[in-house]
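Observations on chain architecture
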Amino acid sequence: PRLHNRRTWVSECVFLSILDLTEQIQARRSVKKEWQAAWLLKAVTFIDLTTLSGDDTSSNIQRLCYKAKYPIREDLLKALNMHDKGITTAAVCVYPARVCDAVKALKAAGCNIPVASVATGFPAGQTHLKTRLEEIRLAVEDGATEIDVVINRSLVLTGQWEALYDEIRQFRKACGEAHLKTILATGELGSLTNVYKASMIAMMAGSDFIKTSTGKETVNATFPVAIVMLRAIRDFFWKTGNKIGFKPAGGIRSAKDSLAWLSLVKEELGDEWLKPELFRIGASTLLSDIERQIYHHVTGRYAAYHDLPMS
């Protein structure tokens, strides 16, 4: 009982420290003026511009890809002397059935932005393992160079850690040369302890990134789970020397949100993680607000809806 009480006390202390850090992140004064504009443009380069809707068509995938190549209006970039810096989003993310559309659209646009595809029975991860593996292989065959897989949460909730490791290893093998981004769906894992364990196992099994959420859960990317995941990444790096990427997704909609996420990664992992190879933001509407804030910085007023057409 004494040991149990000590463990409970330690867990409570860790949880309270995480909550305290979360409040600091949310309350911290944001960067202003030119610094804010620079950080917002940097945030654009981390976005996996995403559409995962049941009514996706080839035409809206084409618009999405065009926006990925030209995320900020050219006249706004010229005003900031950033028009020749090649600013694009980090990737476009679509359903497996739309990978061919995205590859074709990006090729037509003359750019090399990666195509990411969700897979493995997204978002629930409850389909047969054979089906999930075949979904990965088909997406890679169609041209996806990044695969966002989702784990079977029941393996975590029932403590089947070895089975989880074996499953992700099979995902890794099916991806071939494509990058593996493993979605933990942290809002459905039950505890921060499970988040840490699942993070570690995903990295041990060969994931290139660990990702917070599908965006379809009731609770998606939050700072407490992000801190746990980032510290798991740091622990893994200290133990192995391998740098694993981090991707928050779900509910990140405002420019202010994006700055908070960049600040968190910078403070927990350092500047070397602030590059698209190690940090992504999964979002579908975030870019709209970032461009709106850039417009305000340049013109001194906020744009009307027709001023900034989106994908």
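Residues numbered from 1 in each chain as written. Predicted model: local features only at pLDDT ≥ 70, side-chain atom pairs only at ≥ 80, totals over all residues. Heavy atoms only, no water.

A few words now on the pairing of strand β4 (residues 146–150). The buried fraction of β4 is high, at five of five residues. Neither face of β4 is exposed, since E146, D148 and V150 on one face and I147 and V149 on the opposite face are all buried. A crossover links strand β3 (residues 115–119) with its parallel partner β4, the connecting element being helix α6 (residues 129–141), and its sense is right-handed. As judged from the five bridges shared by β4 and strand β5 (residues 179–183), these two strands associate in the parallel manner. (Buried < 20%, exposed > 50% of the residue type's maximum accessible area, 1.4 Å probe, protein only. Helix = DSSP H or I, 4+ residues; strand = E, 2+ residues; numbered from the N terminus. Right-handed = clockwise from strand over helix to strand, strands pointing away. Pairing = 2+ DSSP bridges.)

Turning next to the nonpolar core. Counting 88 residues, the largest nonpolar core has I147, F246, W261, F279 and I290 as its most contacted members. For this core, the leading source of residues is helix α10 (residues 223–240), giving 10 residues. With sequence-adjacent residues up to four places away left out, I290 is seen in contact with L40, A43, V44, I47, A255 and S258. (Core = buried A, V, L, I, M, F, W, Y, C linked by side-chain atoms within 4.5 Å. Contact = heavy atoms within 4.5 Å.)

Here the UniProt-annotated "active site" (unreviewed entry) positions come out as K211 and K247. Judged by maximum C-alpha separation, these annotated positions cover 37 residues in sequence but sit close together in space, the widest gap being only 4.5 Å. Assignment of secondary structure puts K211 in strand β6 (residues 209–211). Excluding its chain neighbours within four sequence positions, the residues that come into contact with K211 are D148, T182, I183, L184, A185, M229, K247 and A249. A polar contact of 2.9 Å, which involves the side chain of K211, links it to the side chain of D148. Structurally, the position occupied by K247 is in strand β7 (residues 245–247). Filtering out sequence-adjacent residues up to four positions away, K247 remains in contact with D48, D148, K181, F209, I210, K211, T212, R280, I281 and G282. In terms of polar contacts, K247 uses its side chain to reach the side chain of D48, at 2.8 Å. (UniProt positions renumbered as here; feature names shortened; annotations may be inferred. Polar contact = N/O pair within 3.5 Å; in protein donor to acceptor, adjacent residues only side chain to side chain.)

Quick look at the sheet that holds strand β1 (residues 47–50) now. Here eight strands make up an open sheet; going across it, the order is β7-β6-β5-β4-β3-β2-β1-β8 and the pairing parallel. What marks the edges here is a single partner per strand, and that holds for β7 and β8 (281–283). Across the sheet, the mean angle from the axis of one strand to that of its neighbour is 25°, orientation sign disregarded. Relative to β6, β5 runs parallel, the two being bridged by three bridges. The residue bridging K181 from the neighbouring strand is F209, located in β6. Packed on one face of the sheet, α6 meets β3 and β4 and runs near 165° to β4. (Axes fitted to C-alpha atoms, helices over the stretch in contact; angles between N-to-C directions.)

The next point concerns the packing of aromatic side chains. This structure, assessed with the given rule, holds seven aromatic pairs. Judged by centre distance (5.1 Å) and plane angle (65°), the rings of F46 and F279 are edge-to-face. Taken as a pair, F46 in the loop between α2 (33–44) and β1 and F279 in the loop between α11 (255–269) and β8 lie far apart in primary sequence, 233 residues in all. By relative accessible area, F279 is classed as buried at 0%. Here F246 and F279 contribute two aromatic rings whose centre-to-centre distance is 6.5 Å and whose plane-to-plane angle is 10°, an arrangement assigned as stacked. (Phe/Tyr/Trp six-rings, centres within 6.5 Å; stacked < 30°, edge-to-face > 60°.)

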